[in-house]
Amino acid sequence: MKPTLRRWKSWLGPSVATVISVSLVAAMSVADATGASAATKKHATASKGAVVTMAEGAQGTPNNIMPFVSGANNSAANTNLQEQMWPTLYTIGTASNVNAINGPMSLANPPVYTKGDTQVSVTLKPYKWSDGTPVTARDVIFFMNLLKANKTSWAHYTPGDMPTNVVSWTAKGTSTVVFKLNRAYNPTWFTDDELAYIVPLPQQSWDKESATGAVGTYDTTTAGAKAVYNFLNTEGESTATYGSNPLWQVVDGAWKIQQYTSNGFVALVPNTAYSGPDKPKIAKFEEEPFTSSTAEFNALLGGTLDIGYVPLNDLAEQSRVTGAGFHVVRSELVAVNMMSLNYYSPVVGPLVKQLYIRQALNDVMDQPAQISAILDKAGGYVDYGPIPTVPKTPYMAPIQKKNPFNVSAARKLLTSHGWKIPANGAAACVRPGTGSSDCGAGIKKGKTLTFSLLYVSGSGYLTATMENYKSDASKAGIVVNLSQQPFNSIVGDICGTPTCNSPGWQIANWGAGFSWNFGSPYPVGSTMFEGHVGLDYPVPKKLASLITATETSSGPNTAKAMKAYDTWVIKNDPEVWQLETYTINAVSNKVKGVTFYPVTGNVFPQDFTVK
Amino acid sequence: MMQQATTATAPTSISPDQARRRPAPRAASALRAMGRWCRYHKLGCAGLVVIVVLTLFSFVGPLVYHTDQVHTNLTSVNLAPSLQHPLGTDNVGYDILGRLMEGGQSSLEVGFAAALLASCIGTLWGAVSGYVGGWVDALMMRVVDSAFAIPPLLLLLLVGTIFTPSVIELIIVLGLVSWLVTARLVRGDSLSLRTREYVQAAIAVGARNPRVVARHVIPNALGTIVVQTTFEVANAILLLASLSFLGLGPAPPAANWGAMLSNGLNYIYAGYWWQIYPAGLAIVVTVLAFNMLAESVRDSFAARLMHT
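Per-chain numbering applies: the sequence of each chain, read as written, is numbered from 1 onward. Each chain is given a letter, starting from A, and each ligand a number, starting from 1, according to the order in which they appear as written. Selection of residues for local features in this predicted model requires a pLDDT of at least 70, selection of side-chain atom pairs for listing and counting requires 80 or more, and totals for whole chains, interfaces and linings are taken over all residues. Derived side-chain values reflect all non-hydrogen atoms in the structure, with water molecules and hydrogen atoms excluded from consideration.

Novice: Please explain the pattern of salt bridges as it appears in this structure.
Specialist: A side chain with one charge can pair with a side chain of the opposite charge if their charged atoms come near. Within this document, salt bridges are pairs made up of a side-chain nitrogen of Lys or Arg and a carboxyl oxygen of Asp or Glu, the two lying within 4 Å of each other. Tallying each qualifying case throughout the model produces 8 salt bridges over all chains. With its nearest N and O atoms 3.0 Å apart, the salt bridge here joins glutamate 317 of chain A to arginine 320 of chain A. In this structure glutamate 317 of chain A comes out as buried when scored by relative accessible area, which is 11%. Buried, partly exposed and exposed residues are distinguished by accessible area as a fraction of the type maximum, computed with a 1.4 Å probe on protein chains only: under 20%, between the cut-offs, and over 50%, respectively. Here arginine 320 of chain A falls in the partly exposed class, since its relative accessible area comes to 40%. A salt bridge links arginine 184 of chain B to aspartate 145 of chain B, with the nearest nitrogen and oxygen atoms 2.6 Å apart. Highlighted residues: arginine 184 of chain B in helix α10 (residues 180-193) and aspartate 145 of chain B in helix α7 (residues 134-148), separated in sequence by 39 residues. For arginine 184 of chain B, a relative accessible area of 41% gives the class partly exposed. Here a strand is any run of E in DSSP of at least two residues, a helix any run of H or I of at least four, and the numbering for each starts at the N terminus.

Here it is in structure tokens:
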């Protein structure tokens, strides 16, 4: 049988199918806007009736609306969304001053500290809930009562801090709350790291134990406050009802939720009863999810977004962005970036408890080379410790400026502690024991230096930096096995105590590091190391006392205390520090009033106008 | 004894020259047969040549063209093709040509092994189902129908999300989602074969069912199995590429064509074509070659059946 046209056709079918399959998979990735609708089709030419669509970060989409954030839902995406509907008492940072209280975005007047900084009075501005009732001191007390009864469920809880360090909170009139503290605190820290997390909640609507139950004063007893929290938390888990649940329609912020889909798409519409100074001027604000930065960039250039970002692997393509009718705005968070180590892991716990191993893990991270080669030199900056490099503060100790990258030093650390490094593969412990030149407690003979490293998916630059880290680590006999998971999965596994910690992970990199972007530019260590959802480092007494000093010292002693804390942390390397990135935002030239606030990284769409 | 030995060995002793030439007729015959086959199945022959070349490229290539595919090199990232790097470098400095070779190894290994596994499972399942018949056949085929309802990529994504698969795990998973077509085809053959005289004769002389299936049913369905296995190699390679493209294949620094394509697409706006086309072409050419070969093998078996 000779080849004929029919036979050509017979193999052409599967072959064409193959090509189409490959192309489709490729197309899926490029355009997997995951619900990214043709948003621009709805764009209006004037503010009234206009829809502004903003891209959500590839490393996390909002997945919980309840403004009493739990550890598992502690993400900038959630906080930034909640803030549009339920603002905190204080928003810290203005466009020009990272440390200032943002007056127009804060629900209360600046706090007044008295009695040697042991008492603070907070007076609310005359805001109203969307159901017409005023926002009062009772709403702040409602939050505090829920917090007292459910403190371990709160993402920002740190033992010894709020609410433990507040002896009492009482209403003085309808709009003032007086907090009596258990000792004198640094007012900057207390405002930035304690008061700024308080979210007045609508007591007149939410103080109930079930959807059909009557509103009461359940929060005034511990049992009642627990029941109310459980009810609200359960409702908050029900993402399918976000647009229809009457609970979430009672807001004091500028926006109400209209729609939420399980992939993270959010549509907000103006709260018509909003009593704040800056009323929304557009008809709708949408947040679009993307599973990869490439998909986001494609949508941005394709015109389906008004506000997005330039992926860090496309920094050289900014001219395309400006050519497509956008202007580029660089922003950064008050943040540090690190990979967390699982001290409670039965497999690698004994390893990471050894200082020399943690130092070796830091010695094989080449941040300058990664920034230069992977981030086009301009997409990020080095971070060797717990004090943010950007913006500059008086808190950083000189030791933090030293680049630890040194593979030879890592090898020396390991060999001098009883490890044998083969030409290829993982180093093995040959001198078990607890002596100064032995492997250390809990490390048996033959134990290999192998770690699994879980990092967040969807980011090309992060994959490249992790590949580079693995490569450099292997030169020191440290085997790092890489795997990826979505952001929400990774942060769901990590928490700072052995009881809630998932033992499966060993090194975790959720991409965003630790940011004080939930309200504070004051890089205090308590939330990072001692917090309920902080890193998994078992805090020694020395560190705890240094952290306390940063919270209680004031005046010139503040910088001194911060430097002492910074120095101790760097000498003990509790985590693996990694580069921090800028966000290169792209804003449509048609949309005015877009400001990326330096502390929260958030935008306030009520300021937007569309030309 | 020495004499006996000499006497005994004398008739079989051959000269070195003869020893070299003796197998020649068989080899020549095989080559002639291949030539005849190629004359009538040019596309299949082209596919076979491509597969042989790809295999040599993937497995012999790295012995000739040495590159480091384990350690990144941040001093030479995203380099365009040059004499030093004929296909350029990627975003962490891996040489793309070397990476294509490494990726080819995993694609072919996984493709062949997964196809073999799928064929073994599918053949056994289909042969037993068709031979036994009745409610057993109905039940086994409903299992196949149910499994068909689940898109394999969905299953693979699920598995890939739960754990980061190694090559062995990938082979098992791909094999487990790819046996269904083989089972159906072999079951069809088996239904027909069980009524043949030689099968009936075997049963009549007391052969037990497993023996009949193993010695009479499966060998006579071999044509179907070989053709389908060849198709399955292509499918497995494509599935592996899809999975890796979506970031759920073997973890870096393991090279994989799908992952290379995915990574290259991050730089599509930068114009780094060398990070996209080679991997994409390798996938298409390989899958195409296996499909062409399988089609021709199927035609060969069909022609033989027509003559018998």
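Novice: Just checking my understanding: could you explain a positive patch on the surface for this structure?
Specialist: All names here are of chain B. Residues forming no salt bridge and having over 30% relative accessible area are the ones grouped into patches, like charges within 9 Å of each other and nonpolar side chains (Val, Leu, Ile, Met, Phe, Trp, Tyr) within 5 Å. Per-residue and other accessible areas follow the Shrake-Rupley method at a 1.4 Å probe size, with only the shown protein chains counted as cover for residues. Here the positive residues are Lys and Arg and the negative ones are Asp and Glu; neither His nor the chain ends is included. By convention, charge coordinates are those of NZ in Lys, CZ in Arg, CG in Asp, or CD in Glu. Together, Arg32, Arg36, Arg39 and Lys42 line one region of the surface with positive charge. Looking at the positive patch element by element, the count peaks at 3 residues for helix α3 (residues 24-40). Relative to the elements of secondary structure, arginine 32 occurs in helix α3. Assessed through its relative accessible area of 53%, arginine 32 is described here as exposed.

Novice: What's the story with the pairing of strand β4 (residues 166-172) of chain A in this structure? I'm lost.
Specialist: All names here are of chain A. In this structure, β4 lies alongside strand β5 (residues 176-181), joined through 6 bridges in antiparallel fashion. Considered in β5, the bridge of tryptophan 169 is made with phenylalanine 179. What makes two strands pair is DSSP finding at least two bridges between them. Between β4 and β5, which follow one another and run antiparallel, lie 3 residues, and glycine 173 among them has a positive phi close to 75°.

Novice: Sorry, what's going on with empty space enclosed by the protein here?
Specialist: If a probe as big as a water molecule is rolled over the atoms, it shows which places are left empty. All names here are of chain A. A pocket, in this scheme, is an open set of points on a 1 Å grid over the protein atoms alone with protein on both sides within 12 Å along at least 5 of 7 lines, while a cavity is a set where a 1.4 Å probe fits but cannot get out; residues line either one if an atom lies within 4 Å of a point. Grid points are joined across faces, edges and corners, and a volume is the space filled by probe spheres set on the points. Inspection of the entire model under this criterion finds 9 cavities of 30 Å³ or more. Here the second largest cavity defines a volume of roughly 130 Å³. Taken together, 14 residues form the lining of the second largest cavity, with Pro67, Thr79, Thr88, Tyr197 and Val199 sitting closest to its centre. The element contributing the most residues to the lining of the second largest cavity is helix α2 (residues 76-85), with 3 residues.

Novice: I would appreciate a short explanation of the environment of phenylalanine 68 of chain A in the present structure.
Specialist: Residue and element names in this part refer to chain A. Relative to the helices and strands, phenylalanine 68 is located in the loop between β1 (51-55) and α2. Residue phenylalanine 68 is classed as buried on the basis of its relative accessible area, which comes to 2%. Spatially, the C-alpha atom of phenylalanine 68 lies 37 Å from that of isoleucine 399, the residues being 331 residues apart in sequence. With residues near it in sequence (within four places) discarded, phenylalanine 68 still touches Phe143, Leu146, Leu147, Asn150, Ser153, Trp154 and Tyr229. The contact definition used throughout considers only heavy atoms, calling two residues in contact when any of these lie within 4.5 Å.

Novice: Looking at this model, I keep getting lost on the packing of helix α8 (residues 152-162) of chain B against helix α9 (residues 167-177) of chain B. Mind explaining?
Specialist: The description of two packed helices rests on the angle between their axes and on the distance between the axes. All names here are of chain B. Angles here are taken between N-to-C directions and fall from 0 to 180 degrees, while the axes themselves are lines fitted to C-alpha atoms, restricted in helices to the stretch in contact. It is at 10 Å that the axes of α8 and α9 come closest, and there the two elements cross at 150°. Here α8 is positioned roughly antiparallel relative to α9, judged by the angle of their axes. The crossing of α8 and α9 is right-handed. Contacts from Pro152, Leu155, Leu156 and Val159 of α8 reach α9 at Val173, Leu174 and Val177. Residues are grouped as follows: nonpolar covers Ala, Val, Leu, Ile, Met, Phe, Trp, Tyr, Cys and Pro; charged covers Asp, Glu, Lys and Arg; every other residue, Gly included, is treated as polar. Taken together, the residues of the contact of α8 with α9 break down into 7 nonpolar, no polar and no charged. Roughly parallel covers angles under 35 degrees, roughly antiparallel covers those over 145, roughly perpendicular covers 65 to 115, and oblique covers all other angles. Here a crossing is called left-handed whenever its near helix is offset anticlockwise from the far helix by less than a right angle, and right-handed whenever the offset is clockwise.

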